[in-house]
Amino acid sequence: MMIGNKVLGILFANVHDERVRELTEHRTLASVPIGGRYRLIDFPLSNMVNSGIDKVGVITAENYQSLMDHLGSGKAWDLSRKRDGLYILPPFGADGTKLPNRIGSLASVMRFLRNSKEEYVLLSDCDFMCNIDYADVISSHIENKADITMVYKYGKVPSYSTNANVINTAPDGRVVEMLIGPNMEGECNYGMNMYVIRRELLMKLVSECVSRNRYDFGREIIQQNLAGLRIFGYEFTGYSTIIGSINSYFEANMALMLPKVRDQLFDSARPIYTKVRDDMPARYGLEAHVSNSLIADGCVIDGEVENCVIFRGVRVAKGAKLKNCVIMQDTVIGPDSTLNYVITDKDVVIQDARTLMGFQSYPVFISKGSLV
């Protein structure tokens, strides 16, 4: 089912920035680089485009220059068009004040919501990697005559997710109970912060919350309305991972080395799009040795690389040894350096014969533009 112009997509670019402050010091969480050539926003945005949604608003709050640079006019996602397409929505309300959380963000773009003609709104955060068919979610929403449909996953709640929405559903899929941030042992149904809701109903609920000075989306819009509205769950069963800490970011990159993970995330029928950077193919020196790694284009590898994710334009000098590392764009690794369990942000220079060692549960992070 292609849902065309019936659905408006809204992405929250900054909602979870505080969880990974190291990575979001100079950018939104949505524009955090991942997997050698992607940004986190590429996943929800591509999912929307692949499901036939051709109008998407991205709500920003701060540090959004890199996000705007990445998204541009939306051409890479086929959202550069005369009518509808991609909208970057500014971070201030009508009176110029910055508003908190999802409800405040939605209140600040109320004019955009009011001027849109779509019947439904699909809300999503940008802190996850998955490949989901939103057309199925919308179909389920319409079939159930639901007021709100929330996407959930069955499994163990990520340890860093302090505010997870845990739900219980009736046999027909209706949400009968929701707990926020419970101390859960074992597996359960936890929300993925993706919601489908009628546009008119969303505007009404947001206005009511703002007038009462209540800004917690889970508590005020979902929990408070379980009895009064038809709220249904939609279980997503594919691969997904949430970026909620520097360690989960490292693990998400490492997981991309597994073929079964790549097969689920990068389905050829539902591709993940990203900004194109035309560069030369990766170049390997005569003494280079690379195993079980993802190497992006534009790299020059003269050293040893094992079990690493290497972004575009990285240079690894002769004698350098990299193991279990995530090396972001245009980083230079000097001769005879040894790196193990290290994450470098963009434009880092590691000088000659440096040794940096982290651990799997505590990788070393080097911030953008550093000289080590």
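Placed above this text is the structure.
Residues numbered from 1 in each chain as written. Predicted model: local features only at pLDDT ≥ 70, side-chain atom pairs only at ≥ 80, totals over all residues. Heavy atoms only, no water.

### Comments concerning the sheet that holds strand β16 (residues 294–295)
Here is step 1: Ordered by their spatial adjacency, five strands build an open sheet running β16-β19-β22-β25-β28, and the pairing between neighbours is parallel. With one partner strand each, in any of the chains shown, β16 and β28 (364–366) form the two edges of the open sheet.
Here is step 2: Relative to strand β22 (residues 326–327), strand β19 (residues 309–310) runs parallel, the two being bridged by two bridges. Within the sheet, the bridge partner assigned to I310 lies in β22 and is I327. (Pairing = 2+ DSSP bridges. Helix = DSSP H or I, 4+ residues; strand = E, 2+ residues; numbered from the N terminus.)

### Brief notes about the environment of I180
Here is step 1: Relative to the assigned elements, I180 resides in strand β10 (residues 175–180).
Here is step 2: Taking the relative accessible area as the measure of exposure, I180 reaches 15% and is therefore buried.
Here is step 3: Along the chain, I180 and A164 lie 16 residues apart, while their C-alpha atoms are 5.7 Å from each other.
Here is step 4: In this structure, I180 is in contact with N163, A164, N165, G218, R219 and Q223, ignoring residues within four places of it in sequence. (Buried < 20%, exposed > 50% of the residue type's maximum accessible area, 1.4 Å probe, protein only. Contact = heavy atoms within 4.5 Å.)

### Quick notes on the pairing of strand β9 (residues 165–169)
Here is step 1: The sheet contact formed by β9 and β10 spans five bridges and is antiparallel. Bridge pairing links N168 to E177 in β10.
Here is step 2: The turn linking β9 back onto β10 is made up of five residues, and G173 within it adopts a positive phi angle of 95°.
Here is step 3: Bridge analysis of β9 against strand β11 (residues 187–198) gives two bridges, and the strand direction is antiparallel. Across the sheet, the residue bridging to V166 is Y190, located in β11.

### Observations regarding the packing of aromatic side chains
Here is step 1: Evaluated as defined, the whole model comprises seven aromatic pairs.
Here is step 2: Between F43 and F266, the aromatic rings sit 6.1 Å apart at their centres with planes inclined by 55°, giving tilted as the arrangement. Of this pair, F43 sits in helix α1 (residues 42–50) while F266 sits in the loop between α9 (259–265) and β14 (283–284); the two residues are 223 residues apart in sequence, bridging distant segments of the chain.
Here is step 3: Under the relative-accessibility criterion, F266 is labelled partly exposed at 26%.
Here is step 4: By way of ring pairs, the aromatic residues Y38, F43 and F266 are connected into one cluster. (Phe/Tyr/Trp six-rings, centres within 6.5 Å; stacked < 30°, edge-to-face > 60°.)

### Looking at helix α3 (residues 101–108)
Here is step 1: Of all eight residues making up α3, six are buried, and the element is well covered by its neighbours.
Here is step 2: The set of residues buried in α3 consists of R102, I103, G104, S105, L106 and S108.

### A short note on the pairing of strand β4 (residues 55–59)
Here is step 1: Of all five residues that make up β4, five are buried, and the element is covered over most of its length.
Here is step 2: What you see with β4 is no split at all: K55, G57 and I59 on one side and V56 and V58 on the other are buried throughout.
Here is step 3: Taken together, the four bridges between strand β1 (residues 7–12) and β4 define a ladder with parallel strand orientation. In the strand pairing of β4, F12 is matched with I59.
Here is step 4: With five bridges joining them, β4 and strand β5 (residues 85–89) adopt parallel strand pairing. Across the sheet, V56 pairs through a bridge with L86, a residue of β5.
Here is step 5: In this fold, the crossover linking β4 to β5 by way of helix α2 (residues 65–71) has right-handed handedness. (Right-handed = clockwise from strand over helix to strand, strands pointing away.)

Function cannot be read off these values alone, since they describe shape.
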